[in-house]
Each structure stands twice: as C-alpha cells, then as structure tokens.
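Examining the three-dimensional arrangement
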Amino acid sequence: MASSADAHVRICEQEIIKYDLEIKALVQDVSECTGPQSKLTGLNLHVKEKFSNIRQRIQDLEQMGKEQDKESDKLTLLNKAEGHRKQMLSNQTAWRKANLACKLSIDKLEKEDLLNSEDMSIRQRNMTKESLAQTSSGITESLMSISRMMAQQVQQSEETMSTLATSSRTVQETNEEFKAMTGTIQLGRKLIIKYNRRELTDKLLIFLALALFLATVLYILKKRLFPFF
C-alpha cells in the first residue's frame, strides 16, 4: 500500500477504535442508569450517533480494502473491517441488553415511587381525616361550651328577672303599706284635730261654767253681806 493510503487506513482504524471505546463507555452508562426516562433517552441518542459514525468508518475501511491492488492487502483490510463489524454487532447486543435492564430498573423504581406516593397519599388522607376529626371535635366542644355559657346566661337572666319581679312585688307591697300608713296618719291627724277642737270647746264651756258659778257665788255673797244694795 502506498504511504498516503496507509495513513488513511491508520486514521480510519484509529477512529473506529475511538468510536468503539466511546460506545462501550456509553453502554456502561446505560446499564448503570437509574432514570429518569429522559436521561436514558439522551444516552441512547449519543449511542446511536456513535454507531452511525463507526458504521460509516467501517464501510470506509471496506472500501479502501476493495481498492487495494494487492490481494493480500485487500484481504487484510476486509478482515479488519469484518472484525470491527463483529465488534460493533457485539456492542449493539450489549447495548440492547443494557437498555432492557435499565428500563426494567426504571419501571421498578417508578412502581416503587408510585406505591410510595400512594402510601404517602393514603397517609396524608388519613392525617387529613384525623385533622378534620380533631377540628370537628374542637368545633363541637366549642359549640357545646358556647351552648353551656348561653344556658348559664339564660339561667342568670331568669334569676335576675325573678329577683326583679320579687323586688317589684316587695316595692309594690311597701308602697301599699305606705299608702295604708298614710291613710292611718291622715285619719289620726283628723282625729287629733277634731280632739283638739273638742278640747278647746270643753275648755271654753268649763271656763264659762266656772265664770257663771263664780258670778252666782259672788251674787249670793253680795246679797247676804249687803242686803240693801
């Protein structure tokens, strides 16, 4: 082979080896991928790109082998191209297995996440129910407390009304007593006035009687002592 042709073959083989190593690394990344699905999709896109590149370089190597003048050089390059193709097919098989394992792992994790999410949702619902029950119990207790307070207020109001009614009856009875006492006082006052008037009359009569008696006595004495007057 000419030196320029040899250089092209070396470059082509070097690129094939480079792509092969990159594919193996990406396949390892795929096998170790735990998700999410978008990450696996991104890795697969890179793998497809590398397979396209290595496939093209293998075809270039085959073409260069077919163009060789010496049959031995031709067979050498074609055998190398076939070896690289077999290695590429082996990488494709490893890639498919890695994809399958990764998808199973992602599905398992998603199911676990779903179950955990459902468990969390159930726990949250239970907690919500408990919270609602506690809130409802608190509201019921508050309403019962308010009801008791209102009942106490009503009872106190009834007692106050009863006390006011009793006080009103007492005031009314006292007023009636005052009225009766006022009538009695007025009657006593009238009797006193009447008695005072009668006493004055009696005094006048006594005084007149006494004056008449004294006049009579003086008249008798005068007649006896002074008969000629």
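One can find the structure itself at the top, above this paragraph.
Residues numbered from 1 in each chain as written. Predicted model: local features only at pLDDT ≥ 70, side-chain atom pairs only at ≥ 80, totals over all residues. Heavy atoms only, no water.

1. Here's the deal with the side chain of Asn-44
Where we set the bar: The way it works is that DSSP assigns letters per residue, a run of H or I at least four long becomes a helix, a run of E at least two long becomes a strand, and they are numbered from the N terminus. Any residue under 20% of the maximum accessible area for its type is buried, any over 50% is exposed, and the rest in between are partly exposed; the area is computed with a 1.4 Å probe on protein chains only.
Topologically, Asn-44 is positioned in helix α2 (residues 37-66). Residue classification places Asn-44 among the buried positions, given a relative accessible area of 13%.

2. Quick word on the state of the cysteines
Put simply, the rule is: A pair of cysteine sulfur atoms is labelled a disulfide when the two atoms are within 2.5 Å.
According to the stated counting rule, one finds zero disulfides in the structure shown. The thiol of Cys-102 is unpaired, and the distance to the nearest cysteine sulfur, on Cys-33, comes to 3.9 Å. We classify Cys-102 as buried; its relative accessible area is 0%.

3. Some remarks on the packing of aromatic side chains
Formally: Ring pairs shown here join Phe, Tyr and Trp side chains whose ring centres sit within 6.5 Å, with only the six-membered ring taken for Trp; geometry is labelled stacked below 30 degrees between planes, edge-to-face above 60, and tilted in between.
For the coordinates displayed, the defined rule picks out one aromatic pair. Taking 5.5 Å as the distance between ring centres and 40° as the angle between the ring planes, the aromatic pair formed by Phe-51 and Trp-95 counts as tilted. Remark: Trp-95 occurs in helix α3 (residues 71-225) and Phe-51 occurs in helix α2; sequence separation between them is 44 residues. Judged by its relative accessible area of 3%, Phe-51 falls in the buried class.

4. A word on the pattern of salt bridges
Our working rule: Between Lys or Arg on one side and Asp or Glu on the other, a salt bridge is scored when a side-chain nitrogen of the former is within 4 Å of a carboxyl oxygen of the latter.
Overall, the coordinates contain seven salt bridges when judged by the stated rule. Between Lys-50 and Glu-22 there is a salt bridge, with the nearest N and O atoms lying 3.0 Å from each other. Remark: Glu-22 occurs in helix α1 (residues 3-32) and Lys-50 occurs in helix α2; sequence separation between them is 28 residues. Of the residues examined, Glu-22 reaches a relative accessible area of 25% and is grouped as partly exposed. Several salt bridges converge on common partners, so that one network encompasses Glu-15, Arg-57 and Asp-60.

5. Describing unusual backbone geometry
Peptide bonds are mostly trans, and most non-glycine residues show a negative phi. Put simply, Gly-35 and Pro-36 share a cis peptide bond, and its omega is 5°. Structurally, Pro-36 is set in the loop between α1 and α2.

Remember that the coordinates give geometry; whether it matters functionally is a separate question.
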